[in-house]
Amino acid sequence: MDRAKLPMHHEYKALYFRSLRAAIFIMNKTDVEDVKQVLKSKPGTSWEKKFAFDFGYLLKRIRRRVPPPTILYNRMKVVFDFFKDKEDSSTKTDVNGNTAVDKDGLTLYRLLGGTSNLESLHQYL
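An account of the accompanying structure is given in this report. (Residues numbered from 1 in each chain as written. Predicted model: local features only at pLDDT ≥ 70, side-chain atom pairs only at ≥ 80, totals over all residues. Heavy atoms only, no water.)

Inspection of the entire model under this criterion finds 6 aromatic pairs. For the ring pair Phe 82 and Phe 83, a centre distance of 4.9 Å and an interplane angle of 85° mean the geometry is edge-to-face. By relative accessible area, which is 1% here, Phe 83 ends up buried. Feature note: the residues Tyr 12, Tyr 16, Phe 17, Phe 82 and Phe 83 constitute an aromatic cluster, connected by ring pairs. In this arrangement the basic side chain of Lys 50 is found over the ring face of Tyr 57, its NZ or CZ atom lying 4.3 Å from the centre. Above the face of the Tyr 57 ring, Arg 61 is positioned so that its terminal group lies 3.7 Å from the ring centre. (Phe/Tyr/Trp six-rings, centres within 6.5 Å; stacked < 30°, edge-to-face > 60°. Buried < 20%, exposed > 50% of the residue type's maximum accessible area, 1.4 Å probe, protein only. Lys NZ or Arg CZ within 6 Å of the ring centre and 35° of its normal.)

On to the packing of helix 1 (residues 13-24) against helix 5 (residues 69-83), then. Two numbers describe how helix 1 lies on helix 5: the axes approach to 8 Å, and their chain directions differ by 165°. As summarised for this structure, helix 1 and helix 5 are arranged roughly antiparallel, according to the angle between their axes. Remark: the crossing between helix 1 and helix 5 carries right-handed chirality. Residues Leu 15, Tyr 16, Ser 19, Leu 20, Ala 22, Ala 23 and Ile 24 of helix 1 touch helix 5, and the partners they reach there are Leu 72, Arg 75, Met 76, Val 79, Phe 80 and Phe 83. The class makeup of the residues in the contact of helix 1 with helix 5 is 11 nonpolar, 1 polar and 1 charged. (Axes fitted to C-alpha atoms, helices over the stretch in contact; angles between N-to-C directions. Helix = DSSP H or I, 4+ residues; strand = E, 2+ residues; numbered from the N terminus. Parallel < 35°, antiparallel > 145°, perpendicular 65-115°, else oblique. Left-handed = near helix turned anticlockwise from the far one by under 90°. Contact = heavy atoms within 4.5 Å. Nonpolar A, V, L, I, M, F, W, Y, C, P; charged D, E, K, R; others polar.)

This paragraph deals with helix 2 (residues 29-41). The first and last C-alpha atoms of helix 2 sit 19 Å apart over 13 residues, in line with the 18 Å expected at 1.5 Å per residue. The set of residues buried in helix 2 consists of Asp 31, Val 32, Val 35 and Leu 39. Considered in projection along helix 2, the buried side chains sweep an arc of 100° and stay on one side of the axis. The outward face of helix 2, more than 90 degrees from its buried face, is lined by the exposed residues Lys 29, Thr 30, Lys 40 and Ser 41. Residues of helix 2 that are buried in the fold lie against strand 1 (26-27), helix 3 (47-53) and helix 4 (55-59). (Expected span 1.5 Å × (residues − 1). Arc of directions from axis to C-beta.)

A separate point is the pattern of salt bridges. All told, the structure shown has 3 salt bridges when counted by the stated rule. For the salt bridge of Asp 31 with Arg 63, the shortest nitrogen-to-oxygen distance reads 2.8 Å. Note that Asp 31 is positioned in helix 2 and Arg 63 in the loop between helix 4 and strand 2 (64-65), a separation of 32 residues in sequence. Its relative accessible area of 11% is what places Asp 31 among the buried residues. The exposure class of Arg 63 is exposed, given its relative accessible area of 53%. One salt bridge in this structure joins Asp 81 and Lys 77, with 2.8 Å as the shortest N-O distance. Remark: Lys 77 and Asp 81 occur in helix 5; sequence separation between them is 4 residues, near one turn of the helix. (Salt bridge = Lys/Arg side-chain N within 4 Å of Asp/Glu carboxyl O.)

In structure tokens, the structure reads:
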């Protein structure tokens, strides 16, 4: 399965991917508490900062597991249901379908491939 492709500056992008990560991986509670205690003792850092900006630090120190498929399905469904109607306020692009609409509510389309081989054939006729 391909990774979801969101615009670089979509306002829900970070929250969407953090929510997916939280749904897929269950962190070991003991490891989480140990890391939180260490971070509390260090000035200028916190669990929230590490979770948002330096997740690699946490990955090296906390064991994770993926839940069984029946539980994973329900956790992922919650994330997808929550984000299905969320759209970027500036581009009107939603998180799941990347559908953009104009100010009149009409869907905007764009050409992805340029001209086709058939069109290039016709230019010689």
